[in-house]
Amino acid sequence: MKTLCSRYSQAHREARWAIGLTLFYFLWWYLSAYGLASGQERFESLSLVLGLPLWFFLSCIVGPCLFIALCAVMVRCVFKDMPLDADVAYQGDTDEH
């Protein structure tokens, strides 16, 4: 049986991972959108990918696809199924769903 303290510990760990991934996504988007598109002379020399400017392709096409996959990996590897009620005994990982 997991104690209430260990469930809070797991919940805090999951929250830290979620916040970290969110900050990493914002950093990815900001650097690819504003880092690549800053300056008029650099903007004109950017190549097109599938008819879209590189900054748009990276920030609005590649970024969301990449981070959806990272979210799926995070949910599968970091998040654990556990009851949130204080009076429910937790039996560990079981296949009964």
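See above for the structure.
Rules of the game
- Residues numbered from 1 in each chain as written.
- Predicted model: local features only at pLDDT ≥ 70, side-chain atom pairs only at ≥ 80, totals over all residues.
- Heavy atoms only, no water.
- Helix = DSSP H or I, 4+ residues; strand = E, 2+ residues; numbered from the N terminus.
- Buried < 20%, exposed > 50% of the residue type's maximum accessible area, 1.4 Å probe, protein only.
- Contact = heavy atoms within 4.5 Å.
- Phe/Tyr/Trp six-rings, centres within 6.5 Å; stacked < 30°, edge-to-face > 60°.

### Thoughts on the side chain of Gln 10
In step 1: Along the polypeptide, Gln 10 turns up in helix 1 (residues 4-37).
In step 2: Gln 10 gets classed as buried once you look at its relative accessible area, which sits at 11%.
In step 3: In this structure, Gln 10 is in contact with Val 78, Phe 79, Lys 80 and Met 82, ignoring residues within four places of it in sequence.

### Details of the packing of aromatic side chains
In step 1: Within this structure, the stated rule accounts for 7 aromatic pairs.
In step 2: Between Trp 29 and Tyr 34, the aromatic rings sit 5.7 Å apart at their centres with planes inclined by 85 degrees, giving edge-to-face as the arrangement.
In step 3: The partly exposed category is assigned to Trp 29, whose relative accessible area is 27%.
In step 4: You can call Tyr 34 partly exposed: its relative accessible area is 49%.
In step 5: Relative to Tyr 34, the ring of Tyr 30 has its centre 5.0 Å away and its plane inclined at 45 degrees; by these criteria the two rings are tilted.

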